[in-house]
Amino acid sequence: MVEPIVQFKDVHKSFGEFDVLKGIDLNIAPSEKICIIGPSGSGKTTIIRMLMTLEEPTSGDIYVNDANLWKMERAGKMVPANEKHLRQVRGDIGMVFQHFNLFPHMTILDNCMVGPIHVKKESKDEAKQHSEEMLKRVGLEEHMDKYPSQLSGGQKQRVAMARALVMKPKIMLFDEVTSALDPELVGEVLEVIRNIAETGETAMVLVTHEMDFALEVADRVLFLDDGVIAESGTASEVIEHSENKRLQSFLRRFR
Ligand code: ADP
């Protein structure tokens, strides 16, 4: 069995009185592609934020490379178990959001170079070379000197992917990256994700409503419902053959 790079063990998360996650167990293997589906408010983004280390669990354990990220202080509050490890983990995670989050005052090329220069401490020349390679890979070599406002939504999302990939992440997180796009721009963004999935260069966790895409790329699909992983299996098992009534009713909205 391949060693997982991430393990959630009985992870709970509450905001005040509100229990969002009620015991999540999840292993992510290197190069594994996992899609998380589920109704709005079921806690999908909360799981992504925990994977990004932006949110600590209320209880339970999150291991990355066998080291626990958080520990409980006496007052019951979770704090980083090891700040250095947490920073390392952050460096291994690439993230693409629904709303691109590009720096509007910087060119496309400069947007990509920020991480390599400031986080990876690459020289300007190295960062430029790596960023140009990535922008070429996502088909934007013609647009490197433009500003985000000059690009379409699909192009902006491809920049966001190049910017994440240039950091050579071990895990890429995609949170509804096509939801804000006009339908005709969805395809070009999925094509880049498909390409990343095919290389196996990184593990991928995708929150998505694109069920056909999940069927095509996911090794595993998780249906999150009411704070638990209510169904888990291959994409075909979960999306096409599950007998779970709540899942079936959720899926009817996308068919
Ligand atoms: P999903 O991504 O499945 O739509 P989320 O993880 O965004 O769900 O949110 C799950 C629930 O947790 C929602 O009801 C949301 O309002 C609540 N929630 C998320 N973050 C916070 C927060 N920082 N404070 C209070 N409630 C939150």
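Quick caveat: nothing in here was measured; it's all calculated off a predicted structure.

Q: Residue-level account of the overall build of the chain, with values.
A: Across its full length, the chain holds 9 helices and 12 strands. Its C-alpha radius of gyration of 19 Å places the chain within 12% of the 18 Å reference for a compact globule of 255 residues. By its C-alpha atoms, the chain is 50 × 50 × 40 Å across when sized along the principal axes. In the chain, which comprises 255 residues, the share counted as buried stands at 39%. The contacts in the chain between residues at least 6 apart in sequence include a share of 63% that link residues at least 24 apart.

Q: I'd like a description of the sheet that holds strand 1 (residues 6-15), backed by residues and values.
A: One open sheet holds the 4 strands; their spatial order is 2-1-4-5, and the pairing between them is antiparallel. Every interior strand has two partners, whereas the edge strands, strand 2 (18-28) and strand 5 (67-68), have only one. Bridge analysis of strand 1 against strand 2 gives 8 bridges, and the strand direction is antiparallel. In the strand pairing of strand 2, H12 is matched with K22.

Q: Run through the packing of helix 5 (residues 153-165) against helix 6 (residues 183-199), naming residues and quoting values.
A: The contact between helix 5 and helix 6 brings their axes to 8 Å, and the two run at 20°. Put simply, helix 5 runs roughly parallel to helix 6. Here the hand of the crossing between helix 5 and helix 6 comes out right-handed. Touching G153, G154, Q157, R158, M161 and L165 of helix 5 are L185, E188, V189, V192 and I196, all from helix 6. Within the contact of helix 5 with helix 6, the residues separate by chemical class into 6 nonpolar, 3 polar and 2 charged.

Q: Can you break down the pairing of strand 12 (residues 228-233) residue by residue, with the values?
A: Judged from the 5 bridges that link them, strand 11 (residues 220-225) and strand 12 form a sheet pairing that is antiparallel. Note that in strand 12 the partner of F223 across the bridge is E231. Taking the residues that link successive antiparallel strands as the turn, the strand 11-strand 12 hairpin has 2 residues, and the phi of D226 there is positive, at about 55°.

Q: Which residues make up the pairing of strand 4 (residues 59-64), and what values go with them?
A: For strand 1 and strand 4, the ladder comprises 5 bridges, and the chain directions are antiparallel. Bridged to Q7 within strand 4 is Y63. Here strand 4 pairs with strand 5 via 2 bridges, running antiparallel. Residue pairing across strands places Y63 opposite N68, the latter belonging to strand 5.

Q: So, helix 5: which residues are in play, and what are the values?
A: With 13 residues, helix 5 ought to run about 18 Å at 1.5 Å a step, and its terminal C-alpha atoms sit 18 Å apart, in line with that. Within helix 5, 11 of the 13 residues are buried, which leaves the element mostly enclosed by the surrounding structure.

Q: Give a description of the domain arrangement of the chain that names residues and reports values.
A: Partitioning the chain into structural domains gives domain 1 (6-92 + 170-252) and domain 2 (105-168). Each partner contributes residues to the interface: domain 1 has 11 residues there, and domain 2 has 10 residues. If one sorts the elements of the side of domain 1 that touches domain 2 by residue count, helix 6 sits on top with 5 residues. Class assignment for the residues of the side of domain 1 that touches domain 2 results in 8 nonpolar, 1 polar and 2 charged.

Q: Before we move on, can you summarise the nonpolar core with the specific residues and values?
A: Judged by nonpolar contacts, the single largest core of 71 residues is most densely connected at A162, I171, V205 and V221. Here this core gathers at least three residues from each of two domains, domain 1 (6-92 + 170-252) and domain 2 (105-168). Residues within four places of V205 in sequence aside, it is in contact with I28, I34, I36, I48, L51, I171 and L173.

Q: Pulling in residues and values, what's your account of the sheet that holds strand 3 (residues 33-37)?
A: The sheet built from 6 strands is open, its strands ordered 8-9-10-3-11-12 with mixed pairing. In the strand order of this sheet, the two ends are held by strand 8 (93-96) and strand 12, each with one partner. In this sheet, neighbouring strand axes are inclined to one another by 20° on average, regardless of whether the strands run parallel or antiparallel. Direction of pairing for strand 3 relative to strand 11: parallel, over a ladder of 4 bridges. Each residue of the ladder has a partner; that of C35, found in strand 11, is V221.

Conventions and cut-offs
Residues numbered from 1 in each chain as written. Predicted model: local features only at pLDDT ≥ 70, side-chain atom pairs only at ≥ 80, totals over all residues. Helix = DSSP H or I, 4+ residues; strand = E, 2+ residues; numbered from the N terminus. Rg over C-alpha atoms; globule rule 2.2 N^0.38 Å. Buried ≥ 20, exposed ≤ 12 C-beta atoms within 10 Å, placed from the backbone. Contact = placed C-beta atoms within 7 Å. Pairing = 2+ DSSP bridges. Axes fitted to C-alpha atoms, helices over the stretch in contact; angles between N-to-C directions. Parallel < 35°, antiparallel > 145°, perpendicular 65-115°, else oblique. Left-handed = near helix turned anticlockwise from the far one by under 90°. Nonpolar A, V, L, I, M, F, W, Y, C, P; charged D, E, K, R; others polar. Expected span 1.5 Å × (residues − 1). Domains from an automatic or database assignment. Core = buried A, V, L, I, M, F, W, Y, C linked by C-beta atoms within 7 Å.

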